[in-house]
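Spelled out from the first residue to the last, the chains are:
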Amino acid sequence: MGGKSAPEPTRAEIVRLSVGPLETNCYLVADVLSGKAAAIDPGDETWRIQHSLAMHEWTLAWVLVTHAHFDHIAACGQLADGAGCPIALHPADLPLWWMHGVADQMGIKIPELPVPQHPLVADETIPVGDLRIEVLYLPGHSPGHVGFYLKQQGWLFSGDVIFADGGVGRSDLMGGDESILAASVDTVLHLPDTTEIFPGHGGKTTVGAERKLRMIY
Ligand SMILES: [Zn+2]
Ligand SMILES: [Zn+2]
């Protein structure tokens, strides 16, 4: 009692919302102290995402997009407009973005998309309050696919590159490439074993568990 208190460590929190017809994981990542949050892959159901932000009293600072397939982007415009925050996308996925993430070909209508203001660059750092989100370039599922890595927390938001229980993303969609995707999976599996992986669909896993499943030691 009355002792010197250590500086408070950054408190980070994740909320997962499964949205839309393909049950895409939209993740809210927040710096709890400042109340600033990023929304990763708001694929649908804008109101639910906004409701969750409001419930937590978080302010949206960024809309971060792993890749421009429709099931990861459909709520981007409404969400960013409402919060007055930028949308960040790797420029190699802009052609997909302007094709509505191939929604039209699948007979699905999504709301109009604005111009993404922030072109993501490999290895850049996005600040969200005191959180530092690193951009890992992980192409192959799409040309401009990225992962969002919080080194301090040991968290990776991996989009559609790698999934729990040995799953790997598709490489047969527009701009996909199987060998490039394999290299991106390899990049992920070289992160520390304790890294928690939060994929674009399904439950979370760890780098260690996925390495073991693939018999990579
Ligand atoms: Zn995808
Ligand atoms: Zn997806």
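Our structure's up above, just so we're on the same page.
Description of the structure in this document. (Residues numbered from 1 in each chain as written. Chains lettered and ligands numbered in written order. Predicted model: local features only at pLDDT ≥ 70, side-chain atom pairs only at ≥ 80, totals over all residues. Heavy atoms only, no water.)

The protein atoms that coordinate the zinc ion (ligand 1) are His67 (NE2), His69 (ND1), His141 (NE2) and Asp160 (OD), at distances of 2.1 to 2.4 Å. Here the zinc ion (ligand 1) binds four donor atoms, and the angle range of 90 to 172° at the metal identifies the geometry as irregular. One chain supplies every donor to the zinc ion (ligand 1), and in sequence these donors are spaced H-x1-H-x71-H-x18-D. The metal-metal distance between the zinc ion (ligand 1) and the zinc ion (ligand 2) comes to 3.5 Å, with Asp160 coordinating both. Here His67, found in the loop between strand 4 (59-64) and helix 2 (70-73), pairs with Asp160, found in the loop between strand 10 (155-159) and strand 11 (162-163); they are 93 residues apart in sequence, far enough to count as distant. Owing to a relative accessible area of 0%, His67 belongs among the buried residues under this scheme. The exposure class of Asp160 is buried, given its relative accessible area of 6%. (Donors = N, O, S within 2.8 Å, 3.2 Å for Na, K, Ca; no water. Tetrahedral: all angles 85-135°; square planar, octahedral: opposite > 155°, others 65-115°. Helix = DSSP H or I, 4+ residues; strand = E, 2+ residues; numbered from the N terminus. Buried < 20%, exposed > 50% of the residue type's maximum accessible area, 1.4 Å probe, protein only.)

Next up on the list: the sheet that holds strand 1 (residues 12-19). Taken in spatial order, the six strands make up an open sheet running 1-2-3-4-5-6, and their pairing is mixed. Looking at which strands have only one partner, the edges of the open sheet turn out to be strand 1 and strand 6 (118-119). The pairing of strand 1 with strand 2 (residues 24-31) spans eight bridges and is antiparallel. Residue pairing for strand 2: Arg16 is matched across the bridge by Tyr27. Against the sheet, helix 1 (residues 46-56) engages strand 1, strand 2, strand 3 (36-40) and strand 4, with an angle of about 155° to strand 1. Together, strand 3, strand 4 and strand 5 (87-89) form the strand contacts of helix 3 (residues 76-83), whose direction differs from that of strand 4 by roughly 145°. (Pairing = 2+ DSSP bridges. Contact = heavy atoms within 4.5 Å. Axes fitted to C-alpha atoms, helices over the stretch in contact; angles between N-to-C directions.)

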